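Each chain, letter by letter, is given below.
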Amino acid sequence: MYGNEALKQRIMHLRVQQVPAVRVKIPPREQASSASKDVMIAALRQRVKKLEEENCILKQQVEVANGLLYQQANGSPS
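Each residue is numbered by its place in its chain's sequence as written, counting from 1. Two thresholds apply to this predicted model, a pLDDT of at least 70 for residue-level local features and 80 or more for giving and counting side-chain atom pairs, whereas whole-chain, interface and lining totals are computed over all residues. Computation of side-chain values covers all heavy atoms of the structure but excludes hydrogens and water.

**Q** What is the right way to read the overall build of the chain from this model?
**A** Helix and strand counts for the chain come out as 2 helices and 0 strands. Its C-alpha atoms give the chain a radius of gyration of 32 Å, more than 25% over the compact-globule value 12 Å for 78 residues. Its C-alpha atoms give the chain principal-axis dimensions of roughly 95 × 40 × 15 Å. With a 1.4 Å probe rolled over the protein chains alone, any residue whose accessible area is under 20% of its type maximum counts as buried; one over 50% counts as exposed, and the rest are partly exposed. In the chain, buried positions account for 1% of the 78 residues. Accessible surface, the chain: about 7900 Å² in total, of which carbon and sulfur atoms supply 59%. A run of DSSP states H or I qualifies as a helix once it reaches four residues; a run of E qualifies as a strand once it reaches two. Both are numbered from the N-terminal end. Put simply, the radius of gyration uses C-alpha atoms, and a globule should come to 2.2 Å times the residue count raised to 0.38. To be clear on the numbers: accessible area is Shrake-Rupley with a 1.4 Å probe, and residue cover counts the displayed protein chains and nothing else.

In structure tokens:
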């Protein structure tokens, strides 16, 4: 491409016109510290664990309820 002088000039002209992307810098006082990130991660992990336990309990309750409904539908004694 650079062997063609007109093309080379066009590429160089376009490179000069390109505007670099503006990067937004967050002031250091607004950046989360490593310690605060660790605390947030620990809290989220604890929340996930609690929700997984609650989900397990609810699944068991649904199984029991489905079993009772099945018994009632088939006329089986309790």
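Resuming the write-up.
**Q** In this structure, what is going on with helix α2 (residues 34-73)? I would like to understand it.
**A** A turn of α-helix holds 3.6 residues, and therefore any two residues three or four places apart point the same way. An expected span of 1.5 Å times one less than the residue number is assigned to each helix. The terminal C-alpha atoms of α2 lie 57 Å apart, and with 40 residues this matches the ideal 58 Å at 1.5 Å per residue to within 8%. Of the residues one or two after α2, glycine 75 is the one with positive phi, at around 70 degrees.

**Q** Could you clarify how one ought to interpret helix α1 (residues 5-17) in this entry?
**A** Given a rise of 1.5 Å per residue, 13 residues ought to cover 18 Å, and the 19 Å separating the end C-alpha atoms of α1 matches this to within 8%. Any pair of N or O atoms that falls within 3.5 Å is considered a polar contact. Within protein, one atom must be able to donate a hydrogen and the other to accept it, and sequence-neighbouring residues count only if both atoms are side-chain atoms. Of the residues that open α1, the one with a side-chain oxygen 3.1 Å from the backbone nitrogen of alanine 6 is asparagine 4.

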